[in-house]
Amino acid sequence: MPDFDEASATRRVSPGRHHVDIDGTWSVGDVPNGGYLLALVLRAVLAESAHPHPVSTNAHFVAPPSGGPAQVHVDVVRTGRTIETLRATLVQDDEARVEATVTTSALSRTSPVEWVGPPPEPVAPVDECIPAVVDLPDGTHVGLLEHVDLRLDPQTLGWFSGRPAGQLSMRGHVRLADGTQPDPVVLALAVDSLPPTVFGLGRLGWAPTVQLTLLTRSLPAPGWLTVHLRGRLVRDGWFDEEAEVYDADGALVAQSRQLARIRVT
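Since we're looking at a predicted model, the values are computed, not measured. (Residues numbered from 1 in each chain as written. Predicted model: local features only at pLDDT ≥ 70, side-chain atom pairs only at ≥ 80, totals over all residues. Heavy atoms only, no water.)

A closer look at the overall build of the chain
In terms of helices and strands, the chain carries three helices and 16 strands. Over its C-alpha atoms, taken along the principal directions, the chain stretches across nearly 50 × 45 × 40 Å. A burial count over the chain gives 51% of its 265 residues as buried. Within the chain, contacts between residues separated by at least 24 positions form 69% of all contacts whose residues are at least 6 apart in sequence. Roughly 12,300 Å² of accessible area belongs to the chain as shown, and the carbon and sulfur atoms make up 50% of that amount. Of the charged side chains in the chain, 21 are positive and 32 negative, and the gap between their average positions amounts to 7 Å. (Helix = DSSP H or I, 4+ residues; strand = E, 2+ residues; numbered from the N terminus. Buried < 20%, exposed > 50% of the residue type's maximum accessible area, 1.4 Å probe, protein only. Contact = heavy atoms within 4.5 Å. Areas by Shrake-Rupley, 256 points an atom, 1.4 Å probe, with all protein chains shown as cover. Lys, Arg positive; Asp, Glu negative; His and termini not counted. Charge placed at Lys NZ, Arg CZ, Asp CG, Glu CD.)

Here is the structure:
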């Protein structure tokens, strides 16, 4: 089974053009996970960028790809002394599947924090959390969880036994099963690795991401990542999710917000 670096690798075939092999096992059902697809895009972007790290990523998931060959097309929009903006498209069968705009710069783990807001609700320690399983109650096979070690806070896991908590909330700890340590590309996977918050309302089924904005705030320390998900509104088949990701040192290293659809099977 390929590790994360191999599964998200890109091969530059010409300036701004990269070949990728989408690994269909990093999936929910038969659809590759959005965070994994974003990791593929970021690998190609960083290979073209004058700066080493993504700091802001805005992605639209236009159409779901399948496992197999694809391309990432990257164009530089503007280059500055400390930041660069690039546009990237994941293309399969001549069809755009993911469109992203990425701003890159240089991040540090040691820069001082000038201000930080109140922390979110605590997550139970790793050894008190429940390991996620690859098969959901509705029969969906989550191949992603063969690669991601996910431990869910029991207070947000009632939906699995038919007792949903009645709120848009999900919390847990994440690390890659192959031992790969977190970096800014792994953070793109982390923000989209927990079950959708609408499961907390008992709304199981595929919940495809339509748009996701990721802010990378720091280089993460090695070890577990702690992820908090919460939402504000469910209406007309749409719901939102906000994520905060903390590293093993307790530093806020990533934030995201996404808009998704409810597709009950």
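Now that the structure has been shown, we can carry on.
A few points about the packing of aromatic side chains
This model, assessed by the stated rule, comprises four aromatic pairs. Consider the rings of Trp159 and Phe199, whose centres lie 4.9 Å apart with planes at 65°: the pair is edge-to-face. Linking Trp159 in the loop between strand E10 (148–152) and strand E11 (169–176) with Phe199 in the loop between helix H3 (184–190) and strand E12 (209–216), this pair joins segments that are 40 residues apart in sequence. Accessibility assignment for this pair places Trp159 and Phe199 in one class, buried. Site record: aromatic cluster; members linked through ring pairs are Phe4, Trp26 and Tyr36. One residue, Arg261, lies across the ring of Trp238, its end atom 4.4 Å from the ring centre. (Phe/Tyr/Trp six-rings, centres within 6.5 Å; stacked < 30°, edge-to-face > 60°. Lys NZ or Arg CZ within 6 Å of the ring centre and 35° of its normal.)

Concerning the nonpolar core
With 62 residues, the main nonpolar core has Trp26 and Leu90 as its most contacted residues. Apart from residues lying up to four places away in sequence, Leu90 is in contact with Val20, Ile22, Leu37, Val41, Ala70, Gln71, Val72, Glu95, Ala96, Arg97 and Val98. (Core = buried A, V, L, I, M, F, W, Y, C linked by side-chain atoms within 4.5 Å.)

A short note on helix H2 (residues 34–48)
With 15 residues, H2 should reach 21 Å at 1.5 Å per residue; the first-to-last C-alpha distance of 22 Å fits that figure. Along H2, twelve of the 15 residues are buried, which leaves the element largely enclosed by surrounding structure. Taken as a whole, H2 has its buried residues at Gly34, Gly35, Tyr36, Leu37, Leu38, Ala39, Leu40, Val41, Leu42, Ala44, Val45 and Glu48. Between the side-chain oxygen at the start of H2 and the backbone nitrogen of Gly35 there is a gap of 2.9 Å, and the oxygen is on Asn33. (Expected span 1.5 Å × (residues − 1). Polar contact = N/O pair within 3.5 Å; in protein donor to acceptor, adjacent residues only side chain to side chain.)

Examining the environment of Pro220
The topology assignment puts Pro220 in the loop between E12 and strand E13 (225–230). For Pro220, a relative accessible area of 2% puts it in the buried group. With 177 residues separating them along the chain, Pro220 and Arg43 place their C-alpha atoms 17 Å apart.

Describing the UniProt feature "domain: Acyl-CoA thioesterase-like C-terminal" (unreviewed entry) in the chain
Within the UniProt annotation, "domain: Acyl-CoA thioesterase-like C-terminal" (unreviewed entry) is assigned to residues 135–261. Between the C-alpha atoms that bound residues 135–261 there is a distance of 21 Å. The span itself is 6% helix and 38% strand. (UniProt positions renumbered as here; feature names shortened; annotations may be inferred.)

Some thoughts on the pattern of salt bridges
Counted according to the given criterion, the structure contains eleven salt bridges. For Asp5, the salt bridge goes to Arg43, with nearest N and O atoms at 3.0 Å. Of this pair, Asp5 sits in helix H1 (residues 4–7) while Arg43 sits in helix H2, and the two are 38 residues apart along the sequence. Judged by relative accessible area, which is 40%, Asp5 ranks as partly exposed. Between Asp75 and Arg17 there is a salt bridge, and its shortest N-O distance comes to 4.0 Å. You can see Asp75 sitting in strand E6 (residues 68–79) and its partner Arg17 sitting in strand E2 (residues 17–22), a full 58 residues away along the chain. Since its relative accessible area comes to 39%, Asp75 is described here as partly exposed. (Salt bridge = Lys/Arg side-chain N within 4 Å of Asp/Glu carboxyl O.)

Structural notes on the UniProt feature "domain: Acyl-CoA thioesterase-like N-terminal HotDog" (unreviewed entry) in the chain
Here, UniProt's "domain: Acyl-CoA thioesterase-like N-terminal HotDog" (unreviewed entry) annotation points to residues 23–104. Each end of residues 23–104 is marked by a C-alpha atom, and these two atoms are 26 Å apart; helix forms 18% of the span and strand 54%.

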